[in-house]
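These are the residues of each chain, in order.
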Amino acid sequence: MHLTPNKATHNTITPAIFNPAGAVFLFPEAYAAFATHDNASLTSKQREEMRALLGGKGAGLAEMTASGVSVPPGLTITTASCLAYYAGGSKLPEGLFEQVLSKLTEVEAALDRRLGDVKKPLLLSVRSGAKFSMPGMMDTILNLGLNDATVKALAKATDNPRFAWDSYRRFIQMYGNVVLDISKESFEHLLHDLKTTSGVTQDNELTATNLKELVRRYKELVLKETGTPFPTDTSEQLYGAVEAVFRSWNNPRAIYYRNLNKIDHNLGTAVTVQSMVFGNLDDQSATGVCFTRNPSTGEKTLYGEYLVRAQGEDVVAGIRTPKKIADMAVELPAVYAELVATVARLEDHYSDMQDIEFTVESGKLYILQTRTGKRTAEAAVRVAIELAEEGILSRSAALMRVDPIQLNQLLLPSFHDQEKDAAKKDGRLLATGLNASPGAAIGEIVFDPNEAEKRGSAGEKVILVRVETCPDDIHGIVPAQGIITSRGGMTSHAAVVARGMGKPCVAGCESFRIDLDKELVQVAGQTLKKGDIISIDGSTGEIFIGAIATRQVGLSEQFQKLLAWADLERQLDVRANADTPQDARVARQFGAQGIGLCRTEHMFMSQDRLPVVQEMILATSLADRQAALDRLLPMQREDFAGLFTAMNGLPVTIRLLDPPLHEFLPKLEELVAEVATLKANAKNRAQTARFKVTKVREAKALATQENLLAKVHELHETNPMMGLRGCRLGLVYPEINVMQVRAIFEAAIAVKAQGVIVEPEIMIPLIGHVEELKAAREVLEKVAREVMDAAEVTIDYKFGTMIEIPRAALTADEIAQYAEFFSFGTNDLTQMTFGYSRDDAEGKFLQHYLGGVEVNGEKRKILEDNPFAILDRKGVGKLMRMAVEDGRAQRPNIKLGICGEHGGDPSSIAFAHKLGLTYVSCSPYRVPVARLAAAQATIIERAEKAGATTSQRDK
């Protein structure tokens, strides 16, 4: 089912008021329609408007024509026409094709050639072109206008029959595939058969006679497949081609690409109809593609390929091996010199690296297209910096040229693109889950966290595969190269922990049928077992069988310079979510200005501490519980001392224990099964007097597990995420938070004595009512004063809360009386605002909401973005705005931040800037992303205030 546009989004022409008279533009008049006066340079706003109406290709051709670049004449049909085509039931709007033919007469007059003329035939290319570049996703037709009569005229005019018949067979093949929906393979089989019978191996070895025969066979194929002859009427050919390009806007690969790159499905594509120039005419003719800089590294050198005596599709189809662009300096020196000068002008004109398609016809250079070149993260950073240093861009403009998310490629391993593409072609792609944590990893499948810990710690590369992870699995996650879960979403335990560690994770891969007992995975008709090697791409969610080569770029001088420039622009501070001294050191290395969230529950999960935590939970009296807490106190003190030391001079926000206690105990299902097994063993051994020692040992084990099971039953809640956790746990069992606050202040006093500057900020979680915060703070502040008074040391500290319950946002003025800072816990705030259980939503229905649900035969999106990945501004954002305004009204100097996963998302960071927050906090490996995104938010706001229209990136 294709997503079809519901309405036009361009504000000049919509299907409801479609006017064919304003739907087709010749290249020169297109530019004039947007320029303020003749030969005037376009403003960024005018260029954006032109791209929206004419598509990137049409806008580029119009602008190049106006600037004097050699461009074959042509016309562009607007994107609004495409929207009208869909609104009219997939039919060309009335009067549109007549306008195309009318405008085409001006192209014919300029060239002194006519479409379908048997003496001077005009041949056309018909190409797609959306506002945002979608390379290879839509369809193109070349050599349109050839038939049995015009091919002879072309042969005579060029004195080259072979060229004419080669162009004709190419046209039938391309038109037959794109317009008539005949498979490419059917044509290729006929071509292969003819080469075999002719005793040749290369296409260019076929003679004019051979090609004439191939045309005959191609036309027979068309008649057989469609029941009608190949169209010879050139107007009919053009009509079919225009319609096919509009139709290709909604082909599966185009829809997939738009979903992947978050491009609006309602933009539509323009159609460019352009006079053909021929790179296959003679030995002084060629075709090629070049970049003004290396798109992989950013190096300032002309980069690309070309082929002599070829057409554009030959370069990309792999039929012949292209030559490096530098070889043209020897083979076609005059053309090469002109190309170098022309592409330099284009880069200077557009102030960015260009991706250029060109054709040389009998020694004359023509530019067919220029667009902003796609590039790697490494190249994006280098090109931006060097364009600024060359004076082409300002520093702020350079910062806007880099997509913050791209920086992940520089911080984490990634797969070589060629290796990954080859793996897909070989059928090694097993499944695609949620891209929960970026990076690439290779390793052997391991199902048991204990085995992952053992083997990973020994230096073996393993991928931990689980149905889902829980805090108990942390010891297996740490040494693993990456994690796969078949359940859970972008904010599941596995995803959050992996992102914090900079470790790849693919979550919610429901096609993985995992049998933990047999240690097997069934997927894509294959059975994988423990020890099989797989590769996972956490950036895309893809999982491959076998190993794929990885690369890691590292932090270049240009990368550091870009972030330094960003720091000069941004107003938001950037902190990190860090739970260990190692996390803190990594965060500081990446430029974090403090810790915005330390999740103390993660400190309890190590194998040496978990038994003590469980002992505390299982205690039946306050004295027993306090005894366990006394054993945890020095451990917590050591944890906090390490964090304070690593973040010397920077604030450290510590969230007191937040999750429900059952998360520290074994799962109910596992305990039930284990108790049943122990009981069965005990019954069997009761039949014999042997194995007394074993029976005693098993009896003790049974008593322990039954005790655990009873406690798990006692702690069981219908909805634990809204039950006894956070501040509620601290109020019911105050001794837990008392121990933590005591550890915080004892650690702060100890490291202060060593010269460390400490700034603890104690966060009391899950506040929904002011009285909760008031009561909790009274208890905990008393502990803080007692510790400081006993040591006769003063620590500069703050108490605050996490705003994660809608009621807290609605009563922020009351809560601010007792909170010196608010930190928005946007994960839970989103969950509670939408009423979604985030793990269930992402695993069950959210992907349908994002991909489209069927409504009366069409797929319709319910949500544009995953609200757990990109902040919902209209709902969650509205609550945040209220809390900010009311909190500041009560306490003008209150600190305000985000510490949920949204703290590393550029869109959410931009919203945080608009709200005037103090800081955002994200995982350590997202800190560079946040630094750049915060700078871009400042630049955009400045441009908006100045009355300019600036997009986040010049796509």
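Parameters at a glance
- Residues numbered from 1 in each chain as written.
- Predicted model: local features only at pLDDT ≥ 70, side-chain atom pairs only at ≥ 80, totals over all residues.
- Heavy atoms only, no water.
- Helix = DSSP H or I, 4+ residues; strand = E, 2+ residues; numbered from the N terminus.
- Rg over C-alpha atoms; globule rule 2.2 N^0.38 Å.
- Buried < 20%, exposed > 50% of the residue type's maximum accessible area, 1.4 Å probe, protein only.
- Axes fitted to C-alpha atoms, helices over the stretch in contact; angles between N-to-C directions.
- Parallel < 35°, antiparallel > 145°, perpendicular 65-115°, else oblique.
- Left-handed = near helix turned anticlockwise from the far one by under 90°.
- Contact = heavy atoms within 4.5 Å.
- Pairing = 2+ DSSP bridges.
- Patch = residues over 30% accessible without salt bridge, like charges linked within 9 Å, V, L, I, M, F, W, Y side chains within 5 Å.
- Areas by Shrake-Rupley, 256 points an atom, 1.4 Å probe, with all protein chains shown as cover.
- Salt bridge = Lys/Arg side-chain N within 4 Å of Asp/Glu carboxyl O.
- Lys, Arg positive; Asp, Glu negative; His and termini not counted.
- Charge placed at Lys NZ, Arg CZ, Asp CG, Glu CD.
- Expected span 1.5 Å × (residues − 1).
- Phe/Tyr/Trp six-rings, centres within 6.5 Å; stacked < 30°, edge-to-face > 60°.
- Lys NZ or Arg CZ within 6 Å of the ring centre and 35° of its normal.
- Core = buried A, V, L, I, M, F, W, Y, C linked by side-chain atoms within 4.5 Å.
- Disulfide = S-S within 2.5 Å.
- pLDDT = per-residue confidence, 0-100.

**Describing the overall build of the chain**
Looking only at helices and strands, the chain has 38 helices and 33 strands in total. In terms of overall dimensions, the chain is globule-like: its C-alpha atoms have a radius of gyration of 33 Å, near the 30 Å expected for 955 residues. For the C-alpha atoms alone, the extent of the chain along its principal axes is close to 105 × 75 × 55 Å. For the chain, buried positions account for 55% of its 955 residues.

**What about the packing of helix α24 (residues 610–618) against helix α25 (residues 622–646)?**
Viewed as axis vectors pointing N to C, α24 and α25 meet at an angle of 150°, and their least axial separation amounts to 8 Å. In terms of orientation, α24 and α25 fall into the roughly antiparallel class. In this structure, α24 crosses over α25, and the sense of that crossing is left-handed. Here V612, V613, E615 and M616 of α24 come into contact with α25, specifically with R625, A628, L629, R631, L632 and M635.

**Overview of unusual backbone geometry**
Positive phi values are uncommon outside glycine, yet D112 reaches one of about 55°. Relative to the helices and strands, D112 is located in the loop between α4 (96–111) and β3 (124–130). In this structure D112 comes out as partly exposed when scored by relative accessible area, which is 42%.

**A word on the sheet that holds strand β7 (residues 303–308)**
Pairing is antiparallel in the open sheet, where 5 strands are placed in the order β8-β7-β6-β9-β10. Whereas interior strands pair on both sides, the edge strands pair on one side only; in this sheet they are β8 (323–324) and β10 (364–372). Two elements, strand β6 (residues 286–291) and β7, share 6 bridges in a ladder whose sense is antiparallel. Considered in β7, the bridge of V289 is made with E305.

**Some points on a negative patch on the surface**
Together, E771, E778, D813 and E814 make up a negatively charged patch on the protein surface. When contributions to the negative patch are tallied by element, the ones reaching two or more residues are α30 (770–791) and α32 (812–815). Within the secondary structure layout, E814 lies in helix α32. Since its relative accessible area comes to 33%, E814 is described here as partly exposed.

**Considerations on the packing of helix α6 (residues 161–178) against helix α9 (residues 234–248)**
Contact pair α6 / α9: the axes reach a minimum separation of 10 Å and the direction vectors enclose 50°. For the element pair α6 / α9, the angle class is oblique. α6 and α9 meet at a crossing whose hand is left-handed. From α6, F171, Y175 and V178 reach across to α9, where they touch E236, Q237, G240, A241, A244 and R247.

**Quick look at the sheet that holds strand β24 (residues 573–577)**
The parallel closed barrel is built from 8 strands, whose spatial order is β24-β25-β26-β27-β28-β29-β32-β33. For this sheet, the mean inter-axis angle between neighbouring strands, taken without regard to orientation, is 25°. Relative to strand β29 (residues 821–824), strand β28 (residues 798–803) is paired through 3 bridges, and the arrangement is parallel. In the strand pairing of β29, M802 is matched with S823.

**Topic: α6**
With 18 residues, α6 should cover 26 Å at 1.5 Å per step; its first-to-last C-alpha distance of 26 Å lies within 8% of that length. Burial analysis of α6 places 17 of its 18 residues in the buried class, which makes it a mostly covered element.

**Considerations on the pattern of salt bridges**
In the structure shown here, the tally under the stated rule is 55 salt bridges. We note a salt bridge from D283 to R309, for which the minimum N-O separation is 3.1 Å. Of this pair, D283 sits in the loop between β5 (269–275) and β6 while R309 sits in the loop between β7 and α11 (312–317), and the two are 26 residues apart along the sequence. Residue D283 is classed as exposed on the basis of its relative accessible area, which comes to 51%. Overlapping salt bridges, with partners in common, bring together R293, K300, E347, R382, E386 and E390 in one network.

**Structural notes on the packing of aromatic side chains**
In total, this model carries 17 aromatic pairs according to the counting rule given. Aromatic side chains F187 and Y218 sit 4.9 Å apart centroid to centroid with 85° between the ring planes, which places their arrangement in the edge-to-face category. Of the two residues, F187 is situated in helix α7 (residues 184–198) and Y218 in helix α8 (residues 208–226); the sequence distance between them amounts to 31 residues. Side by side, F187 and Y218 carry an identical accessibility label, which is buried. Both rings, one in F745 and one in Y797, keep their centres 5.1 Å apart while their planes meet at 85°; by these two values the pair is edge-to-face. Placement of the pair is F745 in helix α29 (residues 734–752) and Y797 in the loop between α30 and β28, with a sequence separation of 52 residues. One aromatic cluster in this structure is built from F834, Y836, F845 and Y849. Above the ring of Y919, the side-chain terminus of R575 is found at 3.9 Å from the ring centroid.

**A short note on the pairing of strand β20 (residues 526–529)**
Strand direction decides the pairing type here: strand β19 (residues 520–523) and β20, joined by 4 bridges, are antiparallel. In the strand pairing of β20, V521 is matched with L528. What sits between β19 and β20 in their antiparallel hairpin is a turn of 2 residues, with A524 showing a positive phi close to 50°.

**Observations regarding the nonpolar core**
Generally speaking, nonpolar side chains in soluble globular proteins are found buried as a group. Judged by nonpolar contacts, the single largest core of 146 residues is most densely connected at F644, F745, M880 and L917. The residues contacting F745, other than those within four sequence positions of it, are I762, A784, V787, M788, I795 and Y797.

**Looking at α30**
In this model, α30 (22 residues) spans 32 Å end to end at C-alpha, consistent with the 32 Å of a helix rising 1.5 Å per residue. Of all the residues in α30, the buried ones are V770, E772, L773, A776, R777, L780, E781, V783, A784, V787 and M788. For α30, the secondary structure elements touched by its buried residues are α28 (727–732), α29, β27 (759–764), β28 and α32.

**Overview of the pairing of strand β4 (residues 140–144)**
Most of β4 sits out of view: 4 of its 5 residues are buried. Where β3 and β4 come together, 3 bridges link them in antiparallel fashion. Within β4, the position partnered with L124 by the bridge is L144.

**Topic: the state of the cysteines**
Enumeration over the complete set of coordinates arrives at 0 disulfides. Free cysteine C509: the closest other cysteine sulfur is in C505, separated by 11 Å. The exposure class assigned to C509 is buried, which follows from its relative accessible area of 1%.

**Observations regarding the confidence of the model for the chain**
The pLDDT averaged across the chain works out to 88; a share of 93% of its residues lies at or above 70. Every residue in residues 1–16 is under pLDDT 50, and counting partners more than four places away or in other chains gives 47 contacts. Throughout residues 949–955 the model reports pLDDT below 50, and contacts reaching past four residues in sequence, or to other chains, amount to 17 contacts.

**Quick word on the environment of G531**
Residue placement: G531 occurs in the loop between β20 and β21 (533–537). Sequence separation of G531 and T580 is 49 residues, and the distance between their C-alpha atoms is 31 Å. Excluding residues within four positions of it along the chain, G531 makes contact with E444 and I445.

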